[in-house]
Amino acid sequence: MRSLPAFPSFPALFRVLLALFVAAVIAGCGTTSTYDETAGWSAGKLYSEAKDAQSEGSWEKAAKFLEKLEARFPYGRYAQQAQLELGYVYWKGNEPGSALAACDRFIKLHPSHPAVDYVYYLKGLINFNEDLGLTAYISSQDPTERDPKAARESFEAFKELVTRFPNSKYTPDATLRMNYLVNAMASLEVHVARYYAKRGAYIAAANRADAERIVGILD
């Protein structure tokens, strides 16, 4: 006759069930909540940690501290400073899109801030570096497919800086970069014109090589 399986005694069964319950609770806590070391930190503490992270080159960490600072303490000098520094931190963390958005937001919120000239400069610099290879991209890419949007936006930001803040410490460098961009864009137009000419598209080539068009590209 087939024997039935033996069941554990009640005390043993209770211990097994209790262990399973505790394990389930612990697992559930691990999936529903995350420990936040910054809970209870002051605005000053968050800003200090963000600066330390920047000094260490930990840009993602710095961004998180600045984001938490602005979210928890939306008013006051620390929040404003966080907004000012986020553009640079995002940029250094290889997030140019977020960096540009942070710059635009700061300009919109604080158009008269003493450091708004720096934000225009930073905005120009971000786009400038996005298209730094404008005159060297060459070869493998069809030049007619090149979108010089970053170069134009860089020029516009520098132009705004130079026009509005002629005495800013950032203006001399912005002016040099504007000159570079004008030459780079003109070189691009000439390169595209040659591309069309080699393929017999002479009207298109003439249009791209038009002097007034080249001069007015970044006007």
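Details of the structure are given in the entry above.
Let me sum up the structure you'll find in this document. A quick note: this is a predicted structure, and the numbers were derived from the prediction, not measured.

1. Let's talk about the overall build of the chain
Helix and strand content of the chain: 10 helices and 0 strands. Reading the secondary structure of the chain in the N-to-C direction produces α-α-α-α-α-α-α-α-α-α. Evaluated residue by residue, the chain yields a buried proportion of 34% over its 219 residues. The long-range fraction of contacts in the chain, counting pairs at least 24 apart against all pairs at least 6 apart in sequence, stands at 59%. Looking at the chain as shown, the accessible area adds up to about 13,800 Å², and 57% of this sits on carbon and sulfur atoms.

2. So, the nonpolar core
The biggest cluster of nonpolar side chains holds 41 residues, and the ones touching the most others in it are Leu66, Tyr121 and Phe158. Going through the elements one at a time, helix H2 (43-55), helix H3 (59-72), helix H4 (77-92), helix H5 (96-109), helix H6 (116-130), helix H7 (149-164) and helix H8 (171-198) are the ones with two or more residues in this core. For this core, the element with the highest residue contribution is H6, accounting for 8 residues. Apart from the residues within four sequence positions on either side, leucine 66 is in contact with Tyr47, Ala50, Gln54, Ala82, Glu85, Leu86 and Val89.

3. A closer look at the side chain of histidine 113
When you line up the elements, histidine 113 lands in the loop between H5 and H6. We classify histidine 113 as buried; its relative accessible area is 18%. Engagement of the side chain of histidine 113 in a polar contact is seen with the side chain of glutamine 80, the distance being 3.1 Å. Polar side-chain contacts of histidine 113 include one of 2.9 Å to the backbone nitrogen of alanine 115. Here histidine 113 is in contact with Gln80, Leu84 and Phe106, once residues within four sequence places are set aside.

4. Digging into unusual backbone geometry
Backbone geometry at asparagine 94 places phi at a positive 60°, although glycine is not the residue there. Structurally, the position occupied by asparagine 94 is in the loop between H4 and H5. What makes asparagine 94 exposed here is its relative accessible area of 66%.

5. Structural notes on H2
Since the α-helix turns once every 3.6 residues, residues separated by three or four places project in the same direction. The terminal C-alpha atoms of H2, which comprises 13 residues, lie 19 Å apart, in line with the 18 Å expected from a rise of 1.5 Å per residue. Among the residues of H2, Ala43, Leu46, Tyr47, Glu49, Ala50, Ala53 and Gln54 are the ones counted as buried. Relative to the axis of H2, the buried residues are bounded by an arc of 165° and lie together on one face. In this structure, the buried side of H2 is in contact with H3 and H4.

6. Thoughts on the environment of lysine 64
In this structure, lysine 64 sits in helix H3. Between the C-alpha atoms of lysine 64 and leucine 86, which are 22 residues apart in sequence, the distance is 9.6 Å.

7. Concerning the packing of H3 against H4
One can describe the packing of H3 onto H4 by two numbers: an axis separation of 9 Å at closest approach and a directional angle of 155°. Accordingly, the angle class assigned to the pair H3 and H4 is roughly antiparallel. Crossing hand, H3 versus H4: left-handed. Side by side, H3 and H4 meet where Trp59, Ala62, Ala63, Leu66, Glu67, Leu69 and Glu70 of the first sit next to Tyr78, Ala82, Gln83, Glu85, Leu86, Tyr88, Val89, Tyr90 and Lys92 of the second. Classifying every residue of the contact of H3 with H4 by side-chain character gives 11 nonpolar, 1 polar and 4 charged.

8. What to know about the side chain of serine 154
Inspection of the secondary structure puts serine 154 in helix H7. Polar contacts involving the side chain of serine 154 include one to the main-chain carbonyl oxygen of glycine 124, which spans 2.8 Å. Residues in contact with serine 154, not counting those within four places in the same chain, are Gly124, Asn127, Phe128 and Leu181.

9. Digging into the environment of lysine 169
Mapped onto the fold, lysine 169 is located in the loop between H7 and H8. Between the C-alpha atom of lysine 169 and that of tyrosine 118, which follows or precedes it by 51 residues, the distance is 8.8 Å.

10. Concerning the packing of H5 against H6
The geometry of H5 relative to H6 is characterised by a closest axis approach of 10 Å and an angle of 155° between their N-to-C directions. The pairing of H5 with H6 is recorded here as roughly antiparallel in orientation. The interaxial crossing formed by H5 with H6 has left-handed handedness. For the pair H5 and H6, the contacting residues are Pro96, Ala99, Leu100, Cys103, Asp104, Phe106 and Ile107 in the first and Val116, Val119, Tyr120, Leu122, Lys123, Ile126, Asn127 and Glu130 in the second.

The rules we used
- Residues numbered from 1 in each chain as written.
- Predicted model: local features only at pLDDT ≥ 70, side-chain atom pairs only at ≥ 80, totals over all residues.
- Heavy atoms only, no water.
- Helix = DSSP H or I, 4+ residues; strand = E, 2+ residues; numbered from the N terminus.
- Buried < 20%, exposed > 50% of the residue type's maximum accessible area, 1.4 Å probe, protein only.
- Contact = heavy atoms within 4.5 Å.
- Areas by Shrake-Rupley, 256 points an atom, 1.4 Å probe, with all protein chains shown as cover.
- Core = buried A, V, L, I, M, F, W, Y, C linked by side-chain atoms within 4.5 Å.
- Polar contact = N/O pair within 3.5 Å; in protein donor to acceptor, adjacent residues only side chain to side chain.
- Expected span 1.5 Å × (residues − 1).
- Arc of directions from axis to C-beta.
- Axes fitted to C-alpha atoms, helices over the stretch in contact; angles between N-to-C directions.
- Parallel < 35°, antiparallel > 145°, perpendicular 65-115°, else oblique.
- Left-handed = near helix turned anticlockwise from the far one by under 90°.
- Nonpolar A, V, L, I, M, F, W, Y, C, P; charged D, E, K, R; others polar.

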